[in-house]
Amino acid sequence: MVSSEEIEKYIKAYSLEPHVAGSSIDRHFAKNIKSEWQKNGMDSVEIAEYNVLLSYPDKEKSNVVKIVNQNNDILTMESQDFQYLKSLGVPLEGKIFIARHWKLPADEIVWNAQDVKAAGLILYPDPENYNPPILKSDPYPKTWWLPPNVARTDSILWNGAGDPLTPGYPARYDANRLSINSATLPTVIVQPISYGNAYKLLSSLNGPEARKNGKGVSILHINLDLLLKILRGKSR
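Definitions and cut-offs
Residues numbered from 1 in each chain as written. Predicted model: local features only at pLDDT ≥ 70, side-chain atom pairs only at ≥ 80, totals over all residues. Heavy atoms only, no water. Patch = residues over 30% accessible without salt bridge, like charges linked within 9 Å, V, L, I, M, F, W, Y side chains within 5 Å. Areas by Shrake-Rupley, 256 points an atom, 1.4 Å probe, with all protein chains shown as cover. Salt bridge = Lys/Arg side-chain N within 4 Å of Asp/Glu carboxyl O. Helix = DSSP H or I, 4+ residues; strand = E, 2+ residues; numbered from the N terminus. Buried < 20%, exposed > 50% of the residue type's maximum accessible area, 1.4 Å probe, protein only. Core = buried A, V, L, I, M, F, W, Y, C linked by side-chain atoms within 4.5 Å. Phe/Tyr/Trp six-rings, centres within 6.5 Å; stacked < 30°, edge-to-face > 60°. Lys NZ or Arg CZ within 6 Å of the ring centre and 35° of its normal.

A.B. asks: It is not clear to me how a nonpolar patch on the surface should be interpreted in this structure. Could you clarify?
C.D. replies: Together, V20, Y50, V52, L54 and Y56 line one region of the surface with nonpolar side chains, adding up to about 450 Å² of accessible area. The residue Y50 is located in the loop between helix 2 (24–39) and strand 1 (74–77) in this model. We classify Y50 as partly exposed; its relative accessible area is 42%.

A.B. asks: I'm lost on the nonpolar core in this one. Help?
C.D. replies: The tendency in soluble globular proteins is for nonpolar side chains to be buried side by side. Counting 13 residues, the largest nonpolar core has F97, A99, I109, V116, A118, L121 and L123 as its most contacted members. Only strand 2 (96–101), helix 4 (106–115) and strand 3 (120–125) provide two or more residues apiece to this core. In terms of residue count, helix 4 provides more of this core than any other element does, four residues in total. Core analysis: the next-biggest nonpolar cluster, separate from the first, contains ten residues, Y124, Y130, L146 and I193 among them.

A.B. asks: Explain the packing of aromatic side chains here, please?
C.D. replies: Describing an aromatic ring pair means giving the distance of the ring centres and the angle of the ring planes. Counting across every chain of the model gives two aromatic pairs. Plain terms: the ring middles of Y10 and Y14 are 6.3 Å apart, the flat faces sit at 15° to each other, and that makes the pair stacked. Of the two residues, Y10 and Y14 are both situated in helix 1 (residues 4–14); the distance of four residues between them amounts to about one turn of the helix. Ring geometry for Y14 and F29: centres 5.0 Å apart, planes at 80°, overall edge-to-face. Of this pair, Y14 sits in helix 1 while F29 is found in helix 2, placing the two residues 15 residues apart along the sequence. Judged on exposure class, the residue Y14 and its partner F29 are both buried. Following the ring pairs from residue to residue traces out a cluster consisting of Y10, Y14 and F29. One residue, K9, lies across the ring of Y10, its end atom 4.9 Å from the ring centre. The ring of Y50 has R172 sitting right over it, with the charged end atom 5.3 Å from the ring centre.

Structural measurements only, silent on function.
Shown next as structure tokens:
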């Protein structure tokens, strides 16, 4: 019988600390799950080994996102705004874009930025979707809504077929592999941040007002307003 109390217990246990894929704590949790399944009568439980291409942060050199100057080198963008920016005469090549992550998957935003030869891309979770002010709800841990100090991470691979070096096949140790140079990998640098940090970046930008949406309201101003309400606790 499924027990909501047991489910809650396991979710809390496995979310107490980060368990990045391929890390020692991730393996520890895998062994723990195997043990629990065996205790509960599973006939056969095995841990399969995979050799997967993964990206890990450099603990000695942490990534930093900041405003570098006053020349609008960081631009707000959504994928549908590329042509609009071009129509304004905004040079896109070599720029750093900051984009809401919601309606479009992360990989599509990344490849759109790469198509215009962007220097980098900053992604933040749109609070309109991840902590809607209209609900007047507190974020986690009081509810399941995303707090303002948490960044979301997603796959940015375009093919959606698993490991990029073994597309369409399990990345077992004996699998045939593509070289790094021949694999379909993004070339633009991508950094996820929280919507709390996104507000700090967006509120530091100047220049012309963002274009209007279908209701005649500035898209940029909507985002700033939502972010500000959440960060100041005015959504309650």
